[in-house]
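# Working through the structure, step by step
The residues making up each chain are set out below.
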Amino acid sequence: MVQETGVLPDHEIEVLVAEGAIRSDLALEAGQVQPASLDLRLAQDAYRLRASFLPGKDRTVAEMLQEPGVHMHRIDLTDKGAVLETGCVYLVPLQEHLRLPAGISARANPKSSTGRIDVFTRLVTNRGRAFDDVPTGYSGPLYLEVSPRTFPIMVRPGDRLAQVRFKRKRPDALKERVVSIDLEPPEGQPAGYRAKLHSGVVDLRGIGAHEAGQFWEPVYPRHGRIVLNPEDFYILVSRETVKVAPMEAAEMAPIAPELGEFRAHYAGFFDPGFGVNKGGSRAVLEVRSRDVPFILEHGQPVAKLIYEPMAAKPSGLYGGKGSNYQGQGLKLSKHFAL
Ligand SMILES: O=c1ccn([C@H]2C[C@H](O)[C@@H](COP(=O)(O)OP(=O)(O)OP(=O)(O)O)O2)c(=O)[nH]1
């Protein structure tokens, strides 16, 4: 049954494609429509920006890019791809364009695999005054701001770094669940991983092709505690198992600004069906401390999951073919082999 309000499932996203509300230069690929989101694909070039920007209510992104000093150079991704460097901000046009009907808005997030390699992405739209939110009625192109933080990344046209959810009206949250950190792993096992700096390029097409030990070192807590070094990026795991029912979609959000100077996630969408499996699935958390060293303790709340209703049940749920993180415990991104 289709609800008045809620997050659109795969089959309703396909209707948006058929009706021209989602258009793209090339036909959609298999797996691009997920249970409650659409993966967005990089187009053919990338602009190295001097600094991140929002166009503001009177300008398109293309107009902004033409202003003096906004971008430093254009990089062609089409030949052998290109390496995006750490510490730099890039803007990449996406293959997908939107012409949203009244009552449908969209919201983007990095994909989990993107967040897990410490690549920060945000969606930018014409006349946009906020990142990642696309208002109802938006008609125009989409751009992705990409900034690799720890590892340089090799990208090519068609790579899918971010995803977008579509919402009918403004669904009220169904519930919230606090997510806390697990720093008491089984005997002899790490509680997480810390990224090694200056370790090499991560090729986004290289699934399982990178030796984990070259890029990560295991983290072993003492007495259920670790100290986050402000320069470093950590992959940790939730103490709770997370479950998202077929008629729900969840998004991870900061728990409260007063919680301290660290952030516990970059990639926030949890699909319908996630964790609905024997044994459950943990949330993988991307953690970074800002400015000061920070003591993290077992069971400390670090984020919350906000659950929203689906507008209808998806035809496919998370955990089917092509899902990389169902049933996960502590897990690095799919690019690494342990
Ligand atoms: O910070 C996060 C974000 C997501 N997830 C889980 C829930 C989500 O349902 C699943 C897959 O997320 P996403 O679709 O963003 O990842 P992906 O990179 O596309 O992986 P897959 O290929 O498995 O879809 O990973 C986490 O554990 N931590």
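Looking at an unreviewed UniProt entry, one finds the chain named 2'-deoxycytidine 5'-triphosphate deaminase and attributed to Hyphomonas chukchiensis.

Moving on, we get to the domain arrangement of the chain. For interface size, the figure often reported is the accessible area lost on association. Under the domain assignment, the chain is made up of domain 1 (6-168) and domain 2 (175-309). Here domain 1 and domain 2 have C-alpha centroids that lie 24 Å from each other. Facing 33 residues of domain 1, the contacting portion of domain 2 comprises 30 residues. Carbon and sulfur atoms supply 57% of the area that domain 1 and domain 2 bury against each other, a total of about 2,600 Å² over both sides. Considering only the side of domain 1, the residues that lose the most area to domain 2 are Arg116, Phe151 and Arg165, jointly responsible for 25% of the buried surface there. The partner of Asp118 in a salt bridge is Arg288, with the nearest N and O atoms 2.5 Å apart.

The sites that carry the UniProt feature "domain: 2'-deoxycytidine 5'-triphosphate deaminase N-terminal" (unreviewed entry) are, in the present numbering, residues 5-168. Structurally, residues 5-168 is divided into 12% helix and 46% strand, and its ends, taken at the C-alpha atoms, are 5 Å apart.

This part is about the sheet that holds strand S22 (residues 248-254). Read across the sheet, 4 strands follow the order S15-S27-S22-S24 without closing on themselves; strand pairing throughout is antiparallel. Bordering the open sheet on either side are strand S15 (175-180) and strand S24 (269-270), each of which pairs with just one other strand. Two elements, S22 and S24, share 2 bridges in a ladder whose sense is antiparallel. Paired with Ala250 across the two strands is Phe270, which belongs to S24.

Right, let's talk about the site of the ligand for a bit. Close to the ligand lie 22 residues; Lys111, Ser113, Ala267, Tyr318 and Asn324 are nearest. The contact in question runs from an oxygen atom of the ligand to an N or O atom on the side chain of Lys111, over 2.4 Å. Within the side chain of Arg116, one N or O atom sits 3.3 Å away from an oxygen atom of the ligand. Computed on the free molecule, the ligand has an accessible area of 580 Å², of which 98% lies beneath the protein chains in the complex. Broken down by secondary-structure element, the contributors of at least two residues to the shell around the ligand are helix H3 (112-115), S24 and strand S25 (281-289). When residues of the shell around the ligand are assigned to their parent elements, the largest contribution, 3 residues, is made by S25. Summarising the domain contributions, the shell around the ligand has at least three residues from each of domain 1 (6-168) and domain 2 (175-309).

The rules behind each value
Residues numbered from 1 in each chain as written. Predicted model: local features only at pLDDT ≥ 70, side-chain atom pairs only at ≥ 80, totals over all residues. Heavy atoms only, no water. Domains from an automatic or database assignment. Contact = heavy atoms within 4.5 Å. Buried area = accessible area lost by both parts, 1.4 Å probe. Salt bridge = Lys/Arg side-chain N within 4 Å of Asp/Glu carboxyl O. UniProt positions renumbered as here; feature names shortened; annotations may be inferred. Helix = DSSP H or I, 4+ residues; strand = E, 2+ residues; numbered from the N terminus. Pairing = 2+ DSSP bridges. Near = heavy atom within 4 Å. Polar contact = N/O pair within 3.5 Å; in protein donor to acceptor, adjacent residues only side chain to side chain. Areas by Shrake-Rupley, 256 points an atom, 1.4 Å probe, with all protein chains shown as cover.

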